[in-house]
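An overview of the molecular structure
Now for the letters of each chain:
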Amino acid sequence: MNNKLPDKRARARIEQDLDINFMVEAGAGSGKTSCLVKRALAQIVSGRLKVHELAVITFTRKAAAELRERFENQLEELYRSEQEETLRQRLEQALLNLDQCYIGTIHAFCARLLRERPVEAGLNPEFTEVDEMEEAIIQQQAWTIYLNEIKL
């Protein structure tokens, strides 16, 4: 970690304080993805979490894909270089069960929760998410309704 970074303490907490959940908010290119990948790896390496218990949530599909790719690559790298047998087995199990890890968008995470409990949420179990085009149309309609209500 670069010792000249003004937020080095915050970065260290993200990567090392594994007993609490974090929300990481920072600008583009600030190192969020690197910190989150290091944190996810630390959870696995420490044995605090198994890969199926891990949830890393972001806002965009692009960021989620990058997080997943970096996490998988670094997990594989750790596995290849690890000499200690217990840790090597832990890493191997994480790799074998990587598809059970949740790394994705907040929208997909919420949809997943709603699909697990649609009746409790008052939803049709066959609900679908809107795509980007539908979302834009709904936003435009809502804006138009709002403008008509305030009579602009």
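This text goes with the structure placed above it.
Residues numbered from 1 in each chain as written. Predicted model: local features only at pLDDT ≥ 70, side-chain atom pairs only at ≥ 80, totals over all residues. Heavy atoms only, no water.

In this section: the nonpolar core. In summary, soluble globular proteins display a tendency toward joint burial of nonpolar side chains. Counting residues in hydrophobic clusters, the biggest one holds 17 residues, and the most contacted among them are Ile44, Val51, Val56, Phe71, Leu75 and Cys101. Residue assignment for this core shows that the elements contributing at least two residues are α2 (32–46), α3 (61–81) and α4 (85–96). Ranked by residues supplied to this core, first place goes to α2 with 5 residues. If sequence neighbours within four positions are ignored, Val56 has contacts with Leu36, Ala40, Leu67, Tyr102, Ile103 and Gly104. (Core = buried A, V, L, I, M, F, W, Y, C linked by side-chain atoms within 4.5 Å. Buried < 20%, exposed > 50% of the residue type's maximum accessible area, 1.4 Å probe, protein only. Helix = DSSP H or I, 4+ residues; strand = E, 2+ residues; numbered from the N terminus. Contact = heavy atoms within 4.5 Å.)

Here we come to the packing of α2 against α4. Each pair of packed helices can be described by the angle between their axes along with the distance between the axes. At a minimum axis separation of 9 Å, α2 and α4 run at an interaxial angle of 125°. As judged from the angle between their axes, α2 and α4 are oblique. Contacts between α2 and α4 involve Ile44, Val45 and Ser46 from the former and Leu87, Arg90, Leu91 and Ala94 from the latter. Along the lines of polarity and charge, the residues of the contact of α2 with α4 split into 5 nonpolar, 1 polar and 1 charged. (Axes fitted to C-alpha atoms, helices over the stretch in contact; angles between N-to-C directions. Parallel < 35°, antiparallel > 145°, perpendicular 65-115°, else oblique. Nonpolar A, V, L, I, M, F, W, Y, C, P; charged D, E, K, R; others polar.)

So yeah, pure geometry; function would need other evidence.
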